[in-house]
Structure formats: structure tokens, C-alpha cells
Amino acid sequence: MSLYLEYLQEIENRKGQGLHPKPIDGGDLLAEIIAQIKDEKHEHRKESLSFFIYNTLPGTTSAAVVKAQFLKEIILGECSVKEITPEFALELLSHMKGGPSVKVLIDLALSADVTVAAPAADVLKTQVFLYEADMERIASAYKAGNTIAKDILESYAQAEFFTKLPDISEKIEVVTYIAAEGDISTDLLSPGNQAHSRSDRELHGKCMITPQAQQEIKALQVKHPNAKVMLIAEKGTMGVGSSRMSGVNNVALWAGQQASPYIPFVNFAPIVAGTNGISPIFMTTVGVTGGIGLDLKNWVKKLDANGKPVLDANGDAILEQAYSVETGTVLTINTKEKKLYNGDKVLVDVSSAFTPQQVEFMKAGSSYAVVFGKKLQTFAAETLGITAPTVYAPAKEISKDNQGMTAVEKIFNKNAVGVKSKKALHAGSDVRVKVNIVGSQDTTGLMTAQELESMAATVISPSVDGAYQSGCHTASVWDSKAQANIPKLMSFMHKFGLITGRDPKGVYPPMTDVIHKVLNDITVDDTAIIIGGDSHTRMSKGVAFGADSGTVALALATGEATMPIPESVKVTFKGTMKSYMDFRDIVHATQAQMLKQFGGENVFQGRVIEVHIGTLMADQAFTFTDWTAEMKAKASICISKDDTLIQSLELAKKRIQIMIDKGMENEAKTLHHLIDLANKRIAGIKSGEQPALVPDNNAKYYAEVIVDLDEIIEPMIADPDVNNDDVSKRYTHDVIRQVSFYKDKPVDLGFVGSCMVHKGDMQIIAQMLRNIEKQNGSVTFKAPLVVAPPTYNIVDELKAEGDWEILKKYAGFEFDDSNPKGQARTKYENILYLERPGCNLCMGNQEKAEPGDTVIATSTRLFQGRVVADSNEKKGESLLGSTPVVVLSTILGRFPTLEEYKAAVDGIHLTDFAPPLDAMTMAPVEFIPATNI
């Protein structure tokens, strides 16, 4: 059967799912379609023309290569298709974004035939996705005296590809749609359990919110044809939890507008809003699509006569409605005045959504286009030997005299690119920065690959120190979906230049290690900037930002990122930690004490948490930085002692060497290079030339939080509070309670795993089993306990040291890589499950607890339906706690009393954490700006 007939069969299959034909990305299939177009009597010619014009993916796909070449033949008159004139062929090329289409346009523009060259040049002037090889071709032609090349460069230098675009509308009419009350996680917009379909945009779009919500949105569009539907998080923040491009893609698919008539299911310019605005990680994604994100402030705290918040019986601030955004309300955004109107009445100032930079994203239709456009303009001006005119909004550069730098300000200044100021930049400044480490995970990786193809990138930027593609989010079950998607992803990323968790050549076995653990190891500099395709990209060395798949692609392709320098909140500790407490309890208590200190205001939200961790090694310190995603922080930075940082770097070197020994090194010798960088950093610390990163003693913070360890007397539990009468206060991560609150509460399943655990957690399980075996003769589980180690090297070390033996002794299931599970578990026995290293239950896309279960987990996720779905009888609960609490709860079948807990951990060394005795700051020194590039 021909590829085309197979494609027709696939189309019929998709019709049964209510889907259109899948966009074509294969060159062989498109070549067959082109052959049918050339045969004017072919029975499938009409459909083939439609597929060629309207249903072929652009960028660097093999189909795009074939399409661009055929359009070139038409333009040159080598082939004639009556439905595709040379003019229309040029228009189609203009919508293909880059890669093969740009190559063809340059071929045509630099040809000797002026009748072809001039119109091709006009199209080329509108393109921004050019890379070094493309620019060099034009520059070489210019230097050889080609007048059209000069004309193109002059247009680029003026940034006409941007200036000639229409400005955004002054007035945008919207009709409201409340997607949910409370914080809206991107799980609602793009559920984790549907991760397998994200690269199939139309199919994935069907999972957004609910089918009923999708129909309601369509009905609003019919009723209000001149308005755009604005999705709202009522009484909450839009887009918390995960930096998921698929979430914004789904919103754009249902409520945005088509980016090009010739590219199916790629929409842009969605409008989203929240009572408390947009999560920072989600706002980045909104910018990628040229969308608008509004901070509505439509519910405000009720104040007493003294101007203080009025609290309810639970100590929470009572909210009053400032104005209504009930579904179906028609409002107007005035982009010039930067205000939201209901008729003639001003409701709220929305200027935070319309900074000069964000308006540029909206005008260009994408933040990518602005990034590439700036680079292209600079190149053209330098080639012509002229000064580039100021077209884009000048980067905001804020320097404050006599004010030192926080840790994040120091990192941004060190990695800044293209800064004009000779002074240190402070928070609020817009900065282009070099990205040192990039991570791509497997349930967003296929989208990252698509983004790389669409921006015509073919190889990783040489300025990136290291990049990793994980396989951890699909590690639990090697089912048909994973088998179809993951090898293709690994092959693409390996070719692109990343270290990959699976070897496309099959030399080394699958490494499904949790991405954040790997990134934490390959980050070998405390002044590094890390970008990763997951909200929990939060390293304990350097500063890491969770990002959408598109921003990850941009970092891989350009080695850069652009963002404002965030404000910081300083976290220090006092008091003494009880010997029976786990560091996870300190993490939860930090959030609880912060909320108490600031009257319920989350001062962490959208800011960097600078935690003065002192002597805690990178593995355990990561537990704190990882959780900061749930604190709604933008990022976190650990301030460490010199000796501690050296020990962490030495451990990182050993783990990188293990990766090399397993055969994971690539042709560029990335892993060897990282070991060299670690050695260089260690030498700098030992010599005193570059001690461990600390802030200046006169740095300015948004707030300072002091965590009192003496107040932490019981294990702390993060509770989804599923029965709270106020829907907006469920699933927020803000309800932190002591374990004694849960007296006699049954537990249906326990889970130790995810990025929040490390080797020490596995050792704690082993020691607890030994203790209970010694006390009772054996260990019996009254609830299932699922254990997923974060990395294979931890398993290897546990086996070598004897701890795996006791785990295996009580395991009713042990993973076997030679025969991986092909189907997700739906029922659990009261046994210990030793699962494959990876994310497991935390992701909710493969394994889940039984509906309605009460789960106690070390995970980070307590979202509704993520780890456990609701049943008809009761709501599923995903409560979060420390490893010893989880283990003991499954043995007892209920939450333990404090006395039972203390007895179970007696003699077990849980943590070495103690607050540093001295302030971890330094006197400010003269600032030397980074080399401008």
C-alpha cells in the first residue's frame, strides 16, 4: 500500500474520533502527493493539492524540505501547476517560517534572474528565522557587490520585518469565561494523563477542561462574534504548577486565532486572566503565542476600620468582589490606556499586561519573532557598518547607587548579554542572558522538537554547556504510546546535540532518571542559569527556571533567554531542628510560617527565594528548591558554604562520570566538558578567586522570612483540603498541618518518589524496615507502598551497600528493565512496589492511585485528579509529607501518632541540617560588567 493510501486510512480512523487529517510532516508522503498533483488526471489530485497547500507542517520537517523545493521549481518555471502561480508559491514560502524555505528564498533572491530575485527578496525581508549560515550567505553576497543582498540587509537593519507589521488593536472586545474557581493549574488546560497526544494539537485540544466547557466556549463565540473569549481563574491565579506550552496551545486552539491559513491547528493571541493574575511560568508561555494575560484584581481583601484585613474563622482573609466577571460578561481592553472597561466604566488598570516588551510580542505574534528579529537587525547593521536604529523598546536597565546585589542579581549580571549599562543591574531590569544548562522532559519534548523544527533550528547552540533529554515522565509504563513517541524524540534530540536518557543507537540501556536530579548533577557552577521544560526545574546550584517547551527550544537554539531580573525574598533559619524531624518538614514549615508572618500574603509568588542553606549538600538542598514551585516562586537559589559547594561539585563529577561510563557521552564530549568546568569551579573556590556565591550585605529584598526551627515539633503535611467550603482554597499547597491533625485518618496508598527524594530517602526506608522487623519480627503493610527511586545510580549504590536487599525482601513487585510494564496498574495490593526510576505517580499520566483513595506521598502534586481521581463515593486526596511519615502510614494503614512516628525513626539519621551561625553575605565589591556580545 502506498503512503498516500495509508494516510487516507488514517484520515478515516481520525474521522471516527471527530478529528481532521493529521498535518503532514513526512517528506516521502509529500513527495507522493506532489507526484499526484503533477498528474492532472489523477483521481486524488484535488485532495492532494489541498493537503500540500493547507496541511503540511513548516519549519525543518522533511515535508517542509520537499514542499520548499517544489515551490522553488514552480517559481523558476521548471514546473507548472495552474492552481499555484509563482506569486502564490512565494506566499506559501513566506508562511513556512524558516529552514528549507529560507534557503530557497535566499537561492532565489541571490539568483541572476532579477524577475525572480526581486520578488523573492521582498518575501525574504519579512522573514526573521534566519541562522548564522543563512545570514552569512547574504553577507557574502553583499560583500561581493550584490545589490539585492544590500537591499535585504538595509531592510533588516531597519527591522522592517517588525515595523511594517500592523499595531495591536487599540480596543479589544472580550467575553468572559470562568474556567474554574481558585488557582487553575495547567493540568486543567492540558492534563498530564493526556501527555502522549501533545504533539497532535487537534487531538490534544479535546482534553482541555471538559467537553462541556469546550462547547460553552464555542457557544460564546457564536453569540459574540466580535469578541474574543477570555478564560479566567476566578479567585485564583491562572496557570500555576507547570510551565506547559500545551496548556496555552489548547487555550489558543479554542479561543485564539489561526496563525496562518496554511498551517493547521497552530493558533496564537489567546487572552487569559486571573483574579491574582497569571503565574510567571505561564505568562512566559502566553508571550510565546503573542497572547495577553490580565491581572483582574476583581476580588480584594475586606478591611476593618484600621485598614487591616478581616479574617474568617480559619484565619484567612475575607474577600469582597470589586466587580463581576461572570461568564458571558462583555468587556473591553483598551490597550492604549491599558485599562479594562465594562461599557464606559473603568474596572481595573491592566498596565502590567502591556509593558513595551509584551506589546512587541503581541505585535510580532510571538516572543520568538522578537528575539530572532533583534538578532537579525544587529547582524545586518554590523554587516553594513551602521548603527542600528532604535526600533524595539529599549531594555529597561535599572541601576541603584549604594545598593548591593542579591544572589540572582549577581547571576544575571555575570551572564548578561548586550547590556549597555556599565553599572550593576538590579531587579526589574530586562536582561538577555546566556543559558548554561537546558533540560527537556519527555512529555513536553515532542513539542520542543516541533518548536525547534518550526523555528528552523537544526543543532544546539555551541554556547550551551550541557543539555539533557529525559525519559522519566513516561518511565512507569512502556506502553504503545510511549513506544511510538519516545524513541522518535530521543533520536531527534540526540541528533540535535543533547545527552539523551535513551540511546537511539541502543548502545546503553534506558536511563529513566528524573530529569531534575540529572540537571542538578550536571549543573556545575553556582552562577549558572538553567532553563528546563518543567516547573520543577529548580536546581540547588545556580538559578533555574521552569519553562514551556517553546522557551526550552529557544534556549537550545540560541543559548539565550530574555527576562526581567526578579525580585528576591531572603529566607534564613534560627533555632534547632529536632532530631526526629525530616528536612521535608522544614520545607513545609517554611511555607506555613511565611504565610503566618505576612498575614496570608504569599510573598514568594513570582519572586526568587534566596535560601541561606549553609552546610546542606546539593541533593538534600534540592528538596527545598524543588518545592519552591509549589510556593509559586519564580525560582530559588541556595546560598552554600565553600566546603559544602566543593563537596556537592565532587559528587556531581562522580555522577557525570557514571553517565560517561554507561556510554551516554555524545560526539561533542559534553559530559567531559562539564567535568572540566566543575574542576575549574572547584579550583576557583579553593584559591579564593571565586568563592561560593553569596549576596552583598547591603542587597535589597522584597521581604525577609526567618524560619524558626524550634516551632517545628511535628511532621508537617501539605493538604489539598478537598472539603473546604470555599472551592478557591482547595488544592492550593497553602494548607500545611501537623501530623497529629490526622489522628486515625485511614491511608489507602503511600508513594515515595518523584524529584523531591534522594538517596537518603531510600536509606531511610531500608532502616525503618529493619527497625520494624527487629521490633515485630517482620513487616506487614496495611496499605500499598509504591517506591520509585529517582535515578539508576542510586539503585546501584543501594545494591552495593546492602540497602536494596531489605527493600527487595519486602517487595511484592520489583521493576525489570528487560521486561518493562506494558500496562498501567489500576489496582494495588498491600505490598511494597519497587518501581522503575522515574516520576511514576507524581505525573499521573501513566500510573495513578485508585479513584477516591487517600494517598500520602513525597510527591509535589496535590492537584485534583493528578495522583488520584475522585470516585463516585469520595474525593481523592493527595496529601504530601516526608518519607518516614509515608512509610509508617502504609505499615499502619493510617496516619501515625507523634509517639508512633518518633519510635519508628528512633536511631535513624534523618538530616544534617543546621542553620549557618554566621551571616552568609559579603561586602560589595566594584562591579565589572560582562563582556557585551
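Please read all numbers here as calculations on a predicted model, not as lab measurements. (Residues numbered from 1 in each chain as written. Predicted model: local features only at pLDDT ≥ 70, side-chain atom pairs only at ≥ 80, totals over all residues. Heavy atoms only, no water.)

## Comments concerning the sheet that holds strand β22 (residues 568-574)
Taken together, four strands build an open sheet; the order of strands is β24-β23-β22-β25 and the sheet is parallel. Of all the strands in the sheet, the pair left with one neighbour each is β24 (635-640) and β25 (703-708). When the angles between neighbouring strand axes are averaged without regard to direction, this sheet yields 25 degrees. Bridging between β22 and strand β23 (residues 608-614) involves four bridges; their strand directions are parallel. Across the sheet, Lys-570 pairs through a bridge with Glu-610, a residue of β23. Against the sheet, helix α18 (residues 407-415) contacts β22, β23 and β24, and its axis sits at roughly 100 degrees relative to β24. (Pairing = 2+ DSSP bridges. Helix = DSSP H or I, 4+ residues; strand = E, 2+ residues; numbered from the N terminus. Axes fitted to C-alpha atoms, helices over the stretch in contact; angles between N-to-C directions. Contact = heavy atoms within 4.5 Å.)

## Notes on the pattern of salt bridges
For the coordinates displayed, the defined rule picks out 48 salt bridges. For Lys-363, the salt bridge identified is with Asp-167, shortest N-O distance 3.2 Å. Placement of the pair is Lys-363 in helix α16 (residues 356-364) and Asp-167 in the loop between α10 (160-163) and β1 (171-181), with a sequence separation of 196 residues. Under the relative-accessibility criterion, Lys-363 is labelled buried at 18%. On the accessibility criterion, Asp-167 (61% relative accessible area) is exposed. Among the salt bridges present, the one from Glu-630 reaches Arg-861, with a minimum N-O distance of 3.0 Å. Of this pair, Glu-630 sits in the loop between α24 (618-627) and β24 while Arg-861 sits in the loop between β32 (854-857) and β33 (877-880), and the two are 231 residues apart along the sequence. The pair formed by Glu-630 and Arg-861 is uniform in burial state, with each residue classed as buried. A network of salt bridges, in which partner residues are shared, links Lys-72, Lys-103, Asp-107 and Arg-137. (Salt bridge = Lys/Arg side-chain N within 4 Å of Asp/Glu carboxyl O. Buried < 20%, exposed > 50% of the residue type's maximum accessible area, 1.4 Å probe, protein only.)

## Some words on the packing of helix α14 (residues 245-255) against helix α15 (residues 280-288)
Interhelical geometry of α14 versus α15 gives an angle of 50 degrees and a closest axis separation of 9 Å. In terms of orientation, α14 lies oblique with respect to α15. When you trace α14 past α15, the crossing you get is right-handed. Residues Met-245, Gly-247 and Val-248 of α14 form the contact with α15, whose participating residues are Phe-282, Thr-285, Val-286 and Val-288. Of the residues assigned to the contact of α14 with α15, the class counts are five nonpolar, two polar and no charged. (Parallel < 35°, antiparallel > 145°, perpendicular 65-115°, else oblique. Left-handed = near helix turned anticlockwise from the far one by under 90°. Nonpolar A, V, L, I, M, F, W, Y, C, P; charged D, E, K, R; others polar.)

## Re helix α3 (residues 45-54)
Three- or four-residue spacings in an α-helix give side chains the same orientation, since the helix completes a turn every 3.6 residues. Along α3, the residues that are buried comprise Arg-45, Ser-48, Leu-49, Phe-51, Phe-52 and Ile-53. Each element contacted by the buried residues of α3 is listed here: α1 (3-15), α2 (27-38), α4 (62-75) and α5 (86-94).

## Examining the packing of aromatic side chains
Between two aromatic rings, the relevant description is the distance of the centres plus the angle of the planes. Tallied over the full model, the rule gives 19 aromatic pairs. Three or more aromatic residues joined by ring pairs make a cluster, and in this case those are Tyr-4, Tyr-7 and Phe-51. Positioned above the aromatic ring of Trp-478 is the side chain of Arg-502, whose terminal nitrogen or guanidinium carbon lies 3.9 Å from the ring centre. (Phe/Tyr/Trp six-rings, centres within 6.5 Å; stacked < 30°, edge-to-face > 60°. Lys NZ or Arg CZ within 6 Å of the ring centre and 35° of its normal.)

## Description of the packing of helix α27 (residues 759-776) against helix α30 (residues 883-892)
Where α27 meets α30, the axes come as close as 9 Å, and the angle between the chain directions of the two elements is 40 degrees. The angle between α27 and α30 places the two elements in the oblique class. Seen from above, α27 lies across α30 with right-handed handedness. Contacts between α27 and α30 pair Asp-761, Ile-764, Ile-765, Met-768 and Ile-772 from the former with Thr-883, Pro-884, Val-887, Leu-888 and Ile-891 from the latter.

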